[in-house]
Amino acid sequence: MRYAVLNLPRISDTAMTYGNRLIPALRHPVFGWLGLRPVLAQHTADEHDALRRWARDRARIVEIGVAEGVSALAMRQVMSETGSLYLIDPFHLSRLQTLNFTRRAAHRAVESCSRGEVVWIEEFSFKAASGWNKPIDLLLIDGDHSPRGVQQDWSDWNRFIEPGGVAIFHDARLFDGGWTSADYGPVRLIDALFRKGRASSWRIVEEVHSLVVVRRD
Ligand SMILES: C[S@@+](CC[C@H](N)C(=O)[O-])C[C@H]1O[C@@H](n2cnc3c(N)ncnc32)[C@H](O)[C@@H]1O
């Protein structure tokens, strides 16, 4: 499956660069679904590699915020053969809900790999959390980036992460040539919880571009 990751440095707040001249003209997800352009990641190559390293052999992975499915595919390719990958996204941003090409592009990307089991949960994360009762060994938080939204994801989901398990936040730190700023919800949450020490049984174990990985002791 062809996918494109973000290049650095970012050009502006709105233009993310993919190093492929065709992509600006073929930005609409219908072109990703048709295979006329690669599916688009919303992360860099180094972040992609970090996701693969942390997902290797994990048995129960939850991703909040799937978009065109590139981070989900990265994790599926290396997860445990007998594991489960839960993908939570309401795909509510599509203008044509009945056609919903972002959802179609995501299915096409994730289903290009057959490793493990994939469970699609087409809901907002706060709704999915209300019926959740399984332990998790990797949680990727990349959905609602508002201060309130990311705080709610952390509050709703962190209790399910087993000791030794990790939570990975995207768009959660400032870095050279990057797109984040100090007022991003995830940046603020990481500072409050893990740099100023409010979440004592958790510690930061890796930081790559905008990604921050925290592990439960
Ligand atoms: C930044 S994109 C995800 C990028 C993807 N993880 C990647 O790296 O390619 C954010 C996605 O989160 C979804 N989203 C927004 N709020 C959400 C929520 N409360 N629960 C689940 N998904 C949400 C949006 O529909 C969108 O597809």
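One can find the structure itself at the top, above this paragraph.
### Digging into the packing of aromatic side chains
Point 1. All chains considered together, the criterion is met by eleven aromatic pairs.
Point 2. On the numbers, 6.5 Å between centres and 45° between planes, the contact of Phe-91 with Trp-120 is tilted. Of this pair, Phe-91 sits in the loop between β4 (84–88) and α4 (101–110) while Trp-120 sits in strand β5 (residues 117–121), and the two are 29 residues apart along the sequence.
Point 3. Exposure remark for Phe-91: the relative accessible area of 5% places this residue in the buried category.
Point 4. Summarising the aromatic geometry, the rings of Phe-124 and Phe-126 are spaced 5.5 Å apart at their centres and angled 10° between planes, so their arrangement reads as stacked.
Point 5. Judged by relative accessible area, which is 38%, Phe-124 ranks as partly exposed.
Point 6. The structure contains a cluster of three or more aromatic residues connected by ring pairs, namely Tyr-86, Trp-132, Trp-157 and Phe-160.
Point 7. Of note, Arg-104 hangs over the ring of Trp-33, and the distance from its end group to the ring centre comes to 5.1 Å.
Point 8. Across the ring face of Trp-132, the terminal group of Lys-134 is positioned such that the distance to the ring centre comes to 5.2 Å.

### Section: the site of the ligand
Point 1. Taken together, 19 residues form the shell around the ligand, and within it His-43, Ser-71, Asp-89, Ser-125 and Asp-142 come nearest.
Point 2. Asp-142 is positioned with one of its side-chain polar atoms (N or O) 2.7 Å from a nitrogen atom of the ligand.
Point 3. Calculation on the ligand without its partners gives an accessible area of 600 Å², and the protein chains cover 91% of this total.
Point 4. Sorting elements by how many residues they give to the shell around the ligand places strand β2 (residues 39–44) first, with three residues.
Point 5. A per-class count over the shell around the ligand returns eight nonpolar, seven polar and four charged.

### With respect to the nonpolar core
Point 1. Within the largest apolar cluster, 27 residues are counted, with the highest numbers of intra-cluster contacts made by Val-62, Trp-154, Trp-157, Phe-169 and Phe-194.
Point 2. For this core, the secondary-structure elements that each account for two or more residues are β3 (60–64), β4, α5 (125–130), β6 (136–141), α6 (147–157), β7 (161–169), α7 (185–195) and β9 (211–216).
Point 3. The greatest single-element share of this core, amounting to four residues, is contributed by α7.
Point 4. Residues within four places of Trp-157 in sequence aside, it is in contact with Val-62, Ile-64, Ile-88, Ser-125, Ala-128, Ala-129, Trp-132, Ile-136 and Leu-139.
Point 5. In terms of nonpolar packing, the next biggest core, distinct from the first, is built from 23 residues, Ile-61, Met-75, Leu-85 and Leu-138 among them.

### Comments concerning α4
Point 1. Burial analysis of α4 places seven of its ten residues in the buried class, the great majority of the element.
Point 2. Among the residues making up α4, those that are buried are Phe-101, Thr-102, Arg-103, Ala-105, Ala-106, Ala-109 and Val-110.
Point 3. In this structure, the buried side of α4 is in contact with α1 (29–34), β2, α3 (70–76), β4 and β5.

### Some thoughts on the pairing of β5
Point 1. As paired elements, β4 and β5 share five bridges and run parallel to each other. Bridge pairing in β5 links Ser-84 to Glu-117.
Point 2. Each parallel crossover has a hand, and for β4 linked through α4 to β5 it is right-handed.

### Comments concerning the sheet that holds β9
Point 1. In spatial order, the strands read β5-β4-β3-β6-β7-β9-β8; together these seven strands make up an open sheet with mixed pairing. The open sheet has two edge strands, β5 and β8 (202–208), and neither has a second partner. This sheet shows a mean twist of 15° between the axes of neighbouring strands, independent of strand direction.
Point 2. Bridge analysis of β8 against β9 gives six bridges, and the strand direction is antiparallel. Note that in β9 the partner of Glu-206 across the bridge is Val-213.

The rules behind the values
- Residues numbered from 1 in each chain as written.
- Predicted model: local features only at pLDDT ≥ 70, side-chain atom pairs only at ≥ 80, totals over all residues.
- Heavy atoms only, no water.
- Phe/Tyr/Trp six-rings, centres within 6.5 Å; stacked < 30°, edge-to-face > 60°.
- Helix = DSSP H or I, 4+ residues; strand = E, 2+ residues; numbered from the N terminus.
- Buried < 20%, exposed > 50% of the residue type's maximum accessible area, 1.4 Å probe, protein only.
- Lys NZ or Arg CZ within 6 Å of the ring centre and 35° of its normal.
- Near = heavy atom within 4 Å.
- Polar contact = N/O pair within 3.5 Å; in protein donor to acceptor, adjacent residues only side chain to side chain.
- Areas by Shrake-Rupley, 256 points an atom, 1.4 Å probe, with all protein chains shown as cover.
- Nonpolar A, V, L, I, M, F, W, Y, C, P; charged D, E, K, R; others polar.
- Core = buried A, V, L, I, M, F, W, Y, C linked by side-chain atoms within 4.5 Å.
- Contact = heavy atoms within 4.5 Å.
- Pairing = 2+ DSSP bridges.
- Right-handed = clockwise from strand over helix to strand, strands pointing away.
- Axes fitted to C-alpha atoms, helices over the stretch in contact; angles between N-to-C directions.

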